[in-house]
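Structural overview for review
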Amino acid sequence: MELTRKDIKMTQGLAILTMVSLHLFCRLGTDVYGTPLLWLNSTTPAVYILGWLSEICIPLYSICSGYAHYKLGGGRVVD
């Protein structure tokens, strides 16, 4: 499957959005921003799960960057 430049840019945008989500919502206890509506227990808001799942941002961006370097190198693997 060949990925286009548009596909890569969309995936990088998703990685950036998940990074923002991670830094905004992955907080517990008194560090929580605002007043969350749903709580899992007394210290964990439900939005924490969204922030925790957003840790995919680093591998996602790394894969996109690695694929771009691979394509710019003409598809050859450098030893």
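Residues numbered from 1 in each chain as written. Predicted model: local features only at pLDDT ≥ 70, side-chain atom pairs only at ≥ 80, totals over all residues. Heavy atoms only, no water.

1. Side note on the overall build of the protein chain
The number of helices and strands found in the protein chain is three helices and zero strands. Expected size for 79 residues packed as a compact globule is a radius of gyration near 12 Å; at 17 Å, the protein chain overshoots this value by more than 25%. Along the first, second and third principal axes, the C-alpha set of the protein chain runs to 55 × 25 × 20 Å. A buried classification covers 20% of the 79 residues belonging to the protein chain. Carbon and sulfur atoms make up 67% of the accessible area of the protein chain, which totals about 6,200 Å². (Helix = DSSP H or I, 4+ residues; strand = E, 2+ residues; numbered from the N terminus. Rg over C-alpha atoms; globule rule 2.2 N^0.38 Å. Buried < 20%, exposed > 50% of the residue type's maximum accessible area, 1.4 Å probe, protein only. Areas by Shrake-Rupley, 256 points an atom, 1.4 Å probe, with all protein chains shown as cover.)

2. Describing the packing of helix 1 (residues 5-25) against helix 3 (residues 57-72)
Closest axis-to-axis distance for the helix 1/helix 3 pair is 8 Å, and the angle between their directions is 155 degrees. The orientation of helix 1 with respect to helix 3, classified from their angle, is roughly antiparallel. With respect to the hand of their crossing, helix 1 and helix 3 are arranged in left-handed fashion. The residues of helix 3 that touch helix 1, namely those facing I8, T11, Q12, L14, A15, I16, T18, M19 and L22, are C57, L60, Y61, C64, S65 and Y67. (Axes fitted to C-alpha atoms, helices over the stretch in contact; angles between N-to-C directions. Parallel < 35°, antiparallel > 145°, perpendicular 65-115°, else oblique. Left-handed = near helix turned anticlockwise from the far one by under 90°. Contact = heavy atoms within 4.5 Å.)

3. Comments concerning the confidence of the model for the protein chain
Scored by pLDDT, the protein chain comes out at a mean of 81, with 94% of its residues at no less than 70. For the protein chain, per-element mean pLDDT is lowest for helix 3, which scores 83, and highest for helix 1, which scores 87. (pLDDT = per-residue confidence, 0-100.)

4. A short note on helix 3
If you check helix 3, its first and last C-alpha atoms are 23 Å apart, about what 16 residues at 1.5 Å a residue would give, namely 22 Å. For helix 3, the full list of buried residues reads C57, C64 and Y67. Seen from one end, helix 3 has its buried residues packed into an arc of 105 degrees, which puts them on one side. Exposed side chains of helix 3 directed beyond 90 degrees from the buried face belong to I58, I63 and H69. Where helix 3 is buried, its residues contact helix 1. G74 occupies a position one or two residues after helix 3 and carries a positive phi of about 80 degrees. (Expected span 1.5 Å × (residues − 1). Arc of directions from axis to C-beta.)

5. Re the environment of L40
You can see L40 is positioned in the loop between helix 1 and helix 2 (47-53). Along the sequence, L40 and L17 sit 23 residues apart, while their C-alpha atoms lie 24 Å from each other. Non-local contacts of L40, meaning those with residues more than four positions away in its chain, are made with P45, A46 and I49.

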